[in-house]
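# Structural description and commentary
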Protein chains: 2
Amino acid sequence: MDGTLNIRVTPQTSAAAHTADCAVFGFSKGELRVLLVQRAVEPFSGYWVLPGGAMGDEERLEETARRVLLELVGVRDLYLQQVATYSDPVRHPVRRVVTTSYYALVKPENHTPIARGYLSEAAWHKLTEVPELGFDHNRLLQDAHHRLIQHLRDRPLAFDLLPERFTLTEAQKLYEGILGESLDRRNFRRKILAYDFLIETSEKRAGVKGGPILYRLDRSALEREMNG
Amino acid sequence: MDGTLNIRVTPQTSAAAHTADCAVFGFSKGELRVLLVQRAVEPFSGYWVLPGGAMGDEERLEETARRVLLELVGVRDLYLQQVATYSDPVRHPVRRVVTTSYYALVKPENHTPIARGYLSEAAWHKLTEVPELGFDHNRLLQDAHHRLIQHLRDRPLAFDLLPERFTLTEAQKLYEGILGESLDRRNFRRKILAYDFLIETSEKRAGVKGGPILYRLDRSALEREMNG
DNA sequence: ACAAAAGTGTTCCTAATACACCCATGT
DNA sequence: ACATGGGTGTATTAGGAACACTTTTGT
């Protein structure tokens, strides 16, 4: 109950720090990728971790997440969803840090990550080739991915990861990358075209003669789909 | 990134308190109910709220939730799921309190809640007749209920709310109470009996001659169902 | 010419839904 | 006798899964 007073012998409010960590997913070259940063300071110096940062005094955690991602990868207005909160007293080896994790979806094409501050590197990693991460971030990443899968099975939100114009095969590869299973091409096309938020453009990809049809997204139809 | 050092101008770690609040769901007299407690102190004195308490220095939040519920309703080993974390800087009128919410499932029959400490009352409320709660707890409750619905659609976890022996009609009423819609009796029975974790007992409810068949749960079959 | 990827329809099966009558008990 | 709630089966439909061949383009 917000700890104003406590029930009986309730331990007193602790002064744990609170951070937001983000599993930023992107899709490029036919692979689902996650943005990782490499620490240049202890603890876990040299380890890759999920980008994150401390909650400010006047900030909600979601704002913390957005600020961190803006500072780090220069991206605004991304799709952001809270996943879970991790509070093991010893998850951080130096002092107590509670963290809340988010997953985010971005189009990697536009945003080259830059390592700043105490980071030595920032780079996209294939989700299938993620190294051992610092802290409990392998767990956070796994949980975030799992939540993304759950959401994707409900609603077609993956298009935040695709460029403006994309082919159905690209969309399928994306779904397969997220879900971790391969899908039947005909069934996938039929199902996805049954929605009315995919618009066939008359354009073809630059440079090629024929090639696959490019589609674009009807944002408002997608919104309607997500809400209705 | 656990805030050991901060990216550029990141605000310094704040000293927000952290609490765990629980939406405890029970089922009795054919109604889905939620356990609420009434505050006897400011802020929100006289208001009903979700039971909760401050995270201890050596505690994970889930342990906080279990401890609070043990102290309040004397129940152990309940089904507990994290829902979300709320961090609006002004969600608590006095000082900054971040809270993580859980939902819990209990059998109300066994556990009469007791108001302790700064509480003037503790009581089960019909979910359909929840008053205006203190803090942002109406929101927490709504989100917790929503998460419970989601989980229930995936897996048959609602049996934690039923007594040892129960009729199929009771189970159906429970499902209807959680999902907020009415179900076809025959379809419900067929679907639920298709699982193999419901065991028909030869007993009938005490006092009645014939009456409906009582079922009990095969815990291990349910576990198998939930995992496999 | 050959290899690689795009495009297209049908069949099958499972799961969800809708629906009506008989029986036993308690009043 | 009547009202209430328990118990049972079938027909329809919608959605998901499986599956093969033809066309175009790039090498």
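Fair warning: this is a prediction, and the values are worked out from it, not measured in the lab.

For the rest of this paragraph, the subject is the overall build of chain A. From N to C terminus, chain A includes five helices and nine strands. Counted from the first residue to the last, chain A has its helices and strands arranged as β-β-β-β-α-β-β-β-α-α-α-β-β-α. Its C-alpha atoms give chain A principal-axis dimensions of about 70 × 40 × 30 Å. Across the 228 residues in chain A, those meeting the buried criterion constitute 53%. Long-range contacts, defined here as pairs at least 24 residues apart, represent 65% of the contacts in chain A between residues at least 6 apart. Averaged over its 31 positive side-chain charges, chain A has a centre that lies 5 Å from the centre of its 31 negative ones.

Surveying the vicinity of DNA strand C reveals 13 residues, the closest of which are A:Thr169, A:Arg185, A:Arg189, A:Ile213 and B:Arg186. Between DNA strand C and A:Arg185 there is a distance of 2.4 Å, counted from a base nitrogen to a side-chain nitrogen or oxygen. Contact between DNA strand C and B:Arg186: a base nitrogen at 2.9 Å from a side-chain N or O atom of the residue. Where the surface near DNA strand C is concerned, the elements lending two or more residues are helix 4 (185–194) of chain A together with helix 4 (185–194) of chain B. Residues of the surface near DNA strand C, tallied by class, amount to two nonpolar, three polar and eight charged.

Quick look at the pattern of salt bridges now. Within this structure, the stated rule accounts for 21 salt bridges over all chains. In this structure, A:Arg153 engages A:Glu181 in a salt bridge whose closest nitrogen and oxygen atoms are separated by 3.3 Å. Of this pair, A:Arg153 sits in helix 2 (residues 137–154) while A:Glu181 sits in the loop between helix 3 (168–179) and helix 4; the two residues are 28 residues apart in sequence, bridging distant segments of the chain. Under the relative-accessibility criterion, A:Arg153 is labelled exposed at 54%. Residue B:Asp160 is joined to B:Arg219 by a salt bridge in which the shortest nitrogen-to-oxygen separation is 3.5 Å. Of this pair, B:Asp160 sits in the loop between helix 2 (137–154) and helix 3 (168–179) while B:Arg219 sits in helix 5 (residues 219–227), and the two are 59 residues apart along the sequence.

Turning to the pairing of strand 2 (residues 31–39) of chain B, a few remarks are in order. Residue and element names in this part refer to chain B. Counting buried positions along strand 2 gives eight out of nine residues, so the element sits mostly inside the fold. Relative to strand 2, strand 1 (residues 17–28) is paired through four bridges, and the arrangement is antiparallel. Bridged to Ser28 within strand 2 is Glu31. Hairpin geometry of strand 1 and strand 2 is characterised by an intervening segment of two residues between the two adjacent antiparallel strands and by a positive phi of about 50° at Lys29. Two strands pair when backbone bridges link them, and strand 2 and strand 7 (residues 119–126) are joined in this way by seven bridges, in the antiparallel orientation. Pairing of Val34 across the sheet is with His125, part of strand 7. Of the pairings in the sheet, the one linking strand 2 to strand 3 (residues 48–49) comprises two bridges and is antiparallel in character. Each bridged residue has a counterpart across the sheet, and for Gln38 the counterpart in strand 3 is Trp48.

Around DNA strand D, the structure places 15 residues, and the nearest of them are A:Arg186, B:Thr169, B:Arg185, B:Arg189 and B:Ile213. For DNA strand D, the fraction of atoms within 4 Å of the protein that belong to sugar or phosphate moieties is 29%. Measuring from a base nitrogen of DNA strand D, one finds a side-chain N or O atom of B:Arg185 at 2.3 Å. In the environment of DNA strand D, a phosphate oxygen lies 2.8 Å from a nitrogen or oxygen atom belonging to the backbone of B:Ile213. Of all the secondary-structure elements, those providing two or more residues to the surface near DNA strand D are helix 4 of chain A together with helix 4 of chain B. Residue contributions to the surface near DNA strand D peak at four residues, all from helix 4 of chain B. Here the residues of the surface near DNA strand D sort into three nonpolar, four polar and eight charged.

Residue and element names in this part refer to chain A. On domain assignment, one finds that chain A holds domain 1 (17–154) and domain 2 (164–227). A C-alpha centroid distance of 27 Å is found between domain 1 and domain 2. Both sides of the domain 1 and domain 2 interface together cover about 880 Å² of buried area, and 69% of this is carbon and sulfur. Put simply, domain 1 and domain 2 have one salt bridge between them. At the junction of domain 1 with domain 2, the criterion picks out two residue pairs in polar contact (both at pLDDT 80 or more). When residues of the side of domain 1 that touches domain 2 are assigned to their parent elements, the largest contribution, five residues, is made by helix 2. A class-by-class count of the residues in the side of domain 1 that touches domain 2 yields five nonpolar, one polar and two charged.

Once that is clear, we can look at the packing of aromatic side chains. Taken as a whole, this structure holds 16 aromatic pairs over all chains when the rule is applied. Here the aromatic rings of A:Phe159 and A:Phe166 are separated by 5.7 Å at their centres, their planes lie at 35°, and the arrangement is tilted. For the ring pair B:Tyr175 and B:Phe188, a centre distance of 5.3 Å and an interplane angle of 65° mean the geometry is edge-to-face. With a gap of 13 residues between them, B:Tyr175 in helix 3 and B:Phe188 in helix 4 connect regions that are remote in the sequence. Taken together, the ring pairs in this structure connect A:Phe159, A:Phe166, A:Tyr175, A:Phe188, A:Tyr195 and A:Phe197 into an aromatic cluster.

Next up on the list: the packing of helix 2 of chain B against helix 3 of chain B. Residues and elements named next belong to chain B. At their nearest, the axes of helix 2 and helix 3 sit 9 Å apart, and the two run at 130° to each other. With respect to each other, helix 2 and helix 3 are oriented oblique. Across the interface between the two elements, His145, Leu148, Ile149, Leu152 and Arg153 from helix 2 touch Tyr175, Gly177, Ile178 and Leu179 from helix 3. Split into classes, the residues belonging to the contact of helix 2 with helix 3 amount to six nonpolar, two polar and one charged.

Criteria and thresholds
- Residues numbered from 1 in each chain as written.
- Chains lettered and ligands numbered in written order.
- Predicted model: local features only at pLDDT ≥ 70, side-chain atom pairs only at ≥ 80, totals over all residues.
- Heavy atoms only, no water.
- Helix = DSSP H or I, 4+ residues; strand = E, 2+ residues; numbered from the N terminus.
- Buried < 20%, exposed > 50% of the residue type's maximum accessible area, 1.4 Å probe, protein only.
- Contact = heavy atoms within 4.5 Å.
- Lys, Arg positive; Asp, Glu negative; His and termini not counted.
- Charge placed at Lys NZ, Arg CZ, Asp CG, Glu CD.
- Near = heavy atom within 4 Å.
- Polar contact = N/O pair within 3.5 Å; in protein donor to acceptor, adjacent residues only side chain to side chain.
- Nonpolar A, V, L, I, M, F, W, Y, C, P; charged D, E, K, R; others polar.
- Salt bridge = Lys/Arg side-chain N within 4 Å of Asp/Glu carboxyl O.
- Pairing = 2+ DSSP bridges.
- Domains from an automatic or database assignment.
- Buried area = accessible area lost by both parts, 1.4 Å probe.
- Phe/Tyr/Trp six-rings, centres within 6.5 Å; stacked < 30°, edge-to-face > 60°.
- Axes fitted to C-alpha atoms, helices over the stretch in contact; angles between N-to-C directions.
- Parallel < 35°, antiparallel > 145°, perpendicular 65-115°, else oblique.

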